[in-house]
Amino acid sequence: MVDSPRILLIGPYDPHCGEYTFLAPPLGVWRLAGVLEAAGAEVKVFDPNCCGGLPVARALERELLGGAWDIIGSSTTGMTLRFDLELAHVARRMQPHALLVAGGMEATFRPELMFGLGPFDCVVLGEGERPLLELVARLRAGAPLKGVTGTAERGADGQCLTMRQQALTRTELRDAIFHTPYERMPYAAYWERLEKACRVGALPSKAAREASLAEIRSVRLITLNYCPMGCTFCSSTNFLHEAQGSVASIARLDAEECVQMIQRIVGAHPGVRTIIFQDDIFVFTKDKRVLPLCEAIVAAKASGALPKALQFISTNRVDAMSPERLHAMRRAGFRVLGFGIENFSRNVLAEFNKAQIHSHIQPTLTDALALGITPFLDIILSSPRATLADVATTLREAYRWLRQGCEVGMYPYVIPFSGAAMAVDPALREFTVSERRQVAGTDVAWDQPAKILPLDPAVREAILRIEGEFEASLLELQSRAAHLPSRVRSLIWILCSLPIMAEHGLAVANEQDLKRELARRLPQPEAAAGAAVAAGAAVAAGAAVAAGAAVAAGAAIAAGAAIAATA
């Protein structure tokens, strides 16, 4: 029996500083910590991406030496799995008697893999609140920790036994979000790190500095449990379905509750400039919340309950926007609206189960730009069944919209995230490329699906060549220039594609215009201005880019790996 169980929650570990995760506190883990603390447990969050300069494994060992832990929860994603497993093995070595629990997207879709690769006692399926609260109750009662609803465990015969759970109700979701301890989340440390990476202090004007700070000093808020749209490359749609064994109901905060959370966040972090609604989809086609929410935000700013300069970012369906909604969002302070366009080819959009958005792209982006809203477009250059003409169309349109003022993040191909329809399509198995993964400090290794390449040999060769050119060049650019934002990386993707697409008789953009556009957009802090110009010249001369993983993972994660509220 344990009166006040001690629980350590470990966030996903991204040693590449935001390449595979958002460079921000792990929101789902912190939400779970707040729920458990409200139930009387002693909870600590270990954020491996914010260790104050200490080696991560060393920092975790120090945390584990601070006393005995009853439960250690490890959050996992497909992109960070080998790093998450490294920390799980450290935890098992240091705390052999703790109950070691895996949670998150990858754990829900592949619990048997967790048992095969990690030292876990059980796996949480879907949202972590109910299962961990049940484990806390059993620890207090001295009851067995086996057979908890919402978990998977190994049976006596070694087989994986799953005990499915229903998704949180709207009331349960609201209460969990309200328990998120924003006051304790180390956003200030992340902001300082980002400001250094972007060299904010070296920006040449107050306006540029303020614009950069508005992007950096942001706090994330989730108000929705999942996106129901069923894109074939996306795993988030199926996350709660998998845990429940059936179709889960949608739940989200109402307008008044959203404003309450925004006020809490501003109170906890007065330096915040932007609230990012991290919902996979913020505005639905038949949406009754967005207009009342915008009106409530405007009223709160007028009354002084919210700062007048507070801005917002959200991800939305492009076919859910109307002039009325866009105008209301702009008036409320929405400055960037993310749109999962994914591709500009109608054929590819149909393959992604998104054909219905095609006719809405032009009018929505045009209206948003006219209102002073910046659309952020997530783009996947190819699909398994894409043609070279499809790729050329997407490159051309991405460049056109980028020049008109859109931000664009690009990735060359589909990532086979666990749980996505494309990841389990037998027709694509032959074209799915795996990469060997090794867990540091152990002999654990496995082959993890990493990319789904186009079926057409010519498209496949072109995409891989473009990726190779991109990766070769970005290494040089990153060594010479400051932080390279998505708009610059996207221009480099397009520049790298020009000669390769031209070999197939497909024009994408005027090379000289593109080089001038790239040179104009390259960040040039005072200390690095000369280097940046030199880097621009190098790119203009044909040395193109690398670090596809950063934008790549960013676009893919935004499109395919939901920020679910699980440990």
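In this text, all values refer to a predicted model and were calculated from it rather than measured experimentally.

Caption draft 1: View of the packing of helix α12 (residues 290–303) against helix α13 (residues 323–332). Remark: α12 packs on α13, axes separated minimally by 9 Å, with the N-to-C direction vectors making an angle of 25 degrees. Taken together, the axes of α12 and α13 lie roughly parallel to each other. Handedness of the crossing formed by α12 with α13: left-handed. Contact residues: α12 offers Val290, Leu291, Cys294, Ile297, Val298 and Lys301, while α13 offers Glu324, Arg325, Ala328, Met329, Arg331 and Ala332.

Caption draft 2: Representation of the packing of aromatic side chains in the model. Under the criterion given, the structure shown has 11 aromatic pairs. Among the aromatic residues, those joined into a ring-pair cluster are Phe277, Phe282, Phe312 and Phe334.

Caption draft 3: Seen up close, empty space enclosed by the protein. Tallying each qualifying case throughout the model produces 6 cavities of 30 Å³ or more. For the second largest cavity, the calculated volume is near 320 Å³. As for the second largest cavity, its lining consists of 26 residues, and the residues nearest its centre are Cys231, Asp280, Gly340, Glu342 and Lys354. Counting only elements with at least two residues in the lining of the second largest cavity, the list comes to α10 (236–244), β10 (311–316), β11 (334–342) and α21 (548–560).

Caption draft 4: Fine view of the nonpolar core. Ile262, Phe334 and Leu377 are the most contacted members of the largest nonpolar core, which totals 117 residues. Excluding anything up to four places from it in sequence, phenylalanine 334 contacts Phe277, Phe282, Cys294, Ile297, Phe312, Ile313, Ser314, Met329 and Ile373. Ranked by size, the runner-up nonpolar core spans 34 residues in total, among them Leu8, Val56, Leu64 and Leu113.

Caption draft 5: Region of interest: the side chain of threonine 364. Its location among the elements puts threonine 364 in helix α15 (residues 358–370). Apart from residues lying up to four places away in sequence, threonine 364 is in contact with Val318, Met321, Leu326 and Phe339.

Caption draft 6: Local environment of the pairing of strand β4 (residues 99–104). In terms of burial, β4 is a largely internal element, 6 of the 6 residues being buried. Side chains of β4 alternate between two faces, with Leu99, Val101 and Gly103 and Leu100, Ala102 and Gly104 buried alike. In this view, the connection linking strand β3 (residues 71–76) to its parallel neighbour β4 by way of helix α3 (residues 81–94) has right-handed handedness. In terms of strand pairing, β4 meets strand β5 (residues 122–124) through 2 bridges, oriented parallel. When the sheet's bridge partners are listed, valine 101 is paired in β5 with cysteine 122.

Definitions and limits used
- Residues numbered from 1 in each chain as written.
- Predicted model: local features only at pLDDT ≥ 70, side-chain atom pairs only at ≥ 80, totals over all residues.
- Heavy atoms only, no water.
- Axes fitted to C-alpha atoms, helices over the stretch in contact; angles between N-to-C directions.
- Helix = DSSP H or I, 4+ residues; strand = E, 2+ residues; numbered from the N terminus.
- Parallel < 35°, antiparallel > 145°, perpendicular 65-115°, else oblique.
- Left-handed = near helix turned anticlockwise from the far one by under 90°.
- Contact = heavy atoms within 4.5 Å.
- Phe/Tyr/Trp six-rings, centres within 6.5 Å; stacked < 30°, edge-to-face > 60°.
- 1 Å grid on protein atoms, 1.4 Å probe; cavity = no way out; pocket = protein on both sides within 12 Å on 5 of 7 lines; lining within 4 Å.
- Points joined across faces, edges and corners; volume = space filled by probe spheres on them.
- Core = buried A, V, L, I, M, F, W, Y, C linked by side-chain atoms within 4.5 Å.
- Buried < 20%, exposed > 50% of the residue type's maximum accessible area, 1.4 Å probe, protein only.
- Right-handed = clockwise from strand over helix to strand, strands pointing away.
- Pairing = 2+ DSSP bridges.

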